[in-house]
Amino acid sequence: MRSVGEEDVFHIGVFILIQIELPGHHHNDALQSLPKVFGKDWPCRFPRYGCKINPRMNVFPSRSGRRERGNGPMGSSVTKIESEDSLRIGEIQFNSRLWVGTGKYKSFEETREAILASGADVVTVAVRRVNILSKDEPNLLDFLPPDKFKILPNTAGCYTVEEALRYARLARASGISDMVKLEVIGDPRTLFPDVVGLVEAARILVKEGFVVFPYTSDDPIIAKRLEDAGCPAVMPLAAPIGSGLGIRNPYNIRIIQETVGVPVIVDAGVGTASDAAIAMEMGCAGVLMNTAIAEAKDPIRMARAMRLGVEAGRAAFLAGRMPRKLYANASSPLDGMLSSPDQGSIL
């Protein structure tokens, strides 16, 4: 049997403090008691433990299983990073990386409640639905006033360049916004964009001073042409509009990110919060969705889920995921383990 060293005593002492002297408390309470047992210089005496355990950080799991955030440097740094990571496109500052649409809800009231739950400040609205010409009818903008949200008019339902230009100009003339989510639909069954007409319309509207956010395919060549036309961002579809299939071709999205120098915002095809998180983990600047929230069994709860999914995906992207490995790699180091019975146990 080998002799018991100081570090073995330290290890056993922490165990006793947690399991016997401090029942019902978690590891942080035991750490606060270490100076009383081992002296104030315990981190110096046991450097291998002292460098890994810092009571001021307060990041040990509690007995409830939830990670605790203290008042030390970790809590403040997380808040600082989140506040400094806002989305900026051109001269426009956005408060959320989740953009939402307004179609398919049961009522304007439900639309507003879901959007508030999502935390989005960019709201896309089909120009056809804002009743610009019918002032006596209910207007969506009465529930989503432009002074509280960034209204992004879209040219949904337009199948020609001329139609898309007409509705974009109508939205700006009515005072809604200089921004436009440009859609030129090429096929009523798939609702895929007519990319030739899209590039043409984008060039015209950019020359007229519009801030154009184009709904496009996941073709990197078209994305580059839209950037060259003056679009400050590109919005490739993840899957057909309203399909909920999630990102069907993540490799094309990645190639688009490498091809263009403007933000990439995934538009259409998101079905649930994990789809949004995946898009953000890939490094996309944002996600735009509508049907995934509006057609959920509980749109308000799904809106909250999407907000959390986008935030989690963005945080994971910034953190940087671990590399994928073929074989196992033990997460707990073997240094300092108590001797096995065949080597002689101290217990």
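Rules behind the numbers
- Every chain is numbered on its own, with residues counted from 1 as its sequence reads.
- Local features are withheld for residues below a pLDDT of 70 in this predicted model, meaning they are given only at 70 or higher, and side-chain atom pairs are given and counted only at 80 or more; totals for whole chains, interfaces and linings count all residues.
- Note that water and hydrogens are dropped before the side-chain values are worked out from all heavy atoms of the structure.
- Per-residue accessibility, obtained with a 1.4 Å probe over protein chains only, is compared with the maximum for each type, and a residue is labelled buried under 20%, exposed over 50%, and partly exposed between these values.
- Segments assigned H or I by DSSP are reported as helices when at least four residues long, segments assigned E as strands when at least two residues long, and all are numbered from the N terminus.
- Pairs of strands are assigned from DSSP output, requiring at least two bridges between the strands.
- The definition of a right-handed crossover adopted here requires that, viewed with the strands pointing away, the path from the first strand over the helix to the second runs clockwise.
- To estimate how far a helix should extend, the number of its residues minus one is multiplied by 1.5 Å.
- Stacked, tilted and edge-to-face are the three classes applied to pairs of Phe, Tyr and Trp rings, where Trp contributes its six-membered ring and a pair requires centres within 6.5 Å; stacked means planes under 30 degrees apart, edge-to-face means over 60, and tilted covers the rest.
- Definition used: whenever NZ (Lys) or CZ (Arg) falls within 6 Å of the ring centre and also within 35 degrees of the ring normal, the charge is taken to sit over that ring.
- Residue-level confidence of the predictor is what pLDDT reports, using numbers from 0 through 100.
- The contact criterion used throughout is that any non-hydrogen atoms of two residues lie within 4.5 Å.
- By definition here, a salt bridge exists when the distance from a side-chain nitrogen of Lys or Arg to a carboxyl oxygen of Asp or Glu is within 4 Å.

Burial analysis of strand E4 (residues 122–126) places 5 of its 5 residues in the buried class, the great majority of the element. Judged by which residues are buried, E4 turns out to be covered on both faces: Val122, Thr124 and Ala126 on one side and Val123 and Val125 on the other are all buried. Strand direction decides the pairing type here: strand E3 (residues 98–100) and E4, joined by 2 bridges, are parallel. Bridged to Trp99 within E4 is Val122. Considered for its hand, the β-α-β crossover made up of E3, helix H6 (residues 108–118) and E4 is right-handed. Pairing analysis gives 5 bridges linking E4 to strand E5 (residues 150–154), with the strands arranged parallel. From the neighbouring strand, Val125 faces E5, where its bridge partner is Pro153.

Attention now goes to helix H7 (residues 161–173). Helix length check: H7 (13 residues) gives 18 Å between terminal C-alpha atoms against 18 Å at 1.5 Å per residue, within 8%. For H7, the complete set of buried residues consists of Val161, Ala164, Leu165, Tyr167, Ala168 and Ala171. Backbone geometry just downstream of H7 places Gly175 in the positive-phi region, at approximately 90°.

Going through the model one piece at a time under the given rule, you end up with 3 aromatic pairs. Ring geometry for Phe108 and Phe143: centres 5.4 Å apart, planes at 55°, overall tilted. Of this pair, Phe108 sits in helix H6 while Phe143 sits in the loop between E4 and E5, and the two are 35 residues apart along the sequence. Judged by relative accessible area, Phe143 falls into the partly exposed class, the value being 23%. The structure contains a cluster of three or more aromatic residues connected by ring pairs, namely Phe94, Trp99 and Phe213. Against the face of Phe210 rests Arg172, its NZ or CZ located 3.8 Å from the ring centre.

Let us look at the confidence of the model for the protein chain. Mean pLDDT for the protein chain: 80, with 71% of residues reaching 70 or above. Low confidence marks residues 14–31, where pLDDT is under 50. Its contacts with residues over four positions away, or in another chain, come to 29 contacts. Note that pLDDT drops below 50 for residues 45–81; the model gives that stretch 54 contacts with residues more than four away or on any other chain.

Glancing now at the environment of Val123. Within the secondary structure, Val123 sits in strand E4. Residue classification places Val123 among the buried positions, given a relative accessible area of 0%. Separated by 29 residues in the primary sequence, Val123 and Leu152 place their C-alpha atoms 5.8 Å from one another. Not counting residues within four places of it along the chain, the set of residues in contact with Val123 comprises Val100, Thr102, Ile115, Leu144, Phe149, Lys150, Ile151 and Leu152.

Below, the discussion takes up the pattern of salt bridges. Close approach of charged atoms allows side chains of opposite charge to pair. Considering all chains together, one arrives at 12 salt bridges under this definition. The partner of Glu311 in a salt bridge is Arg307, and the shortest N-O contact between them spans 3.5 Å. A residue pair is termed a helical-turn pair when its members lie 3 or 4 positions apart in one helix, as Glu311 and Arg307 do in helix H13 (residues 299–319) at 4 residues. By relative accessible area, Arg307 is classed as partly exposed at 36%. Several salt bridges converge on common partners, so that one network encompasses Asp85, Arg97 and Arg314.

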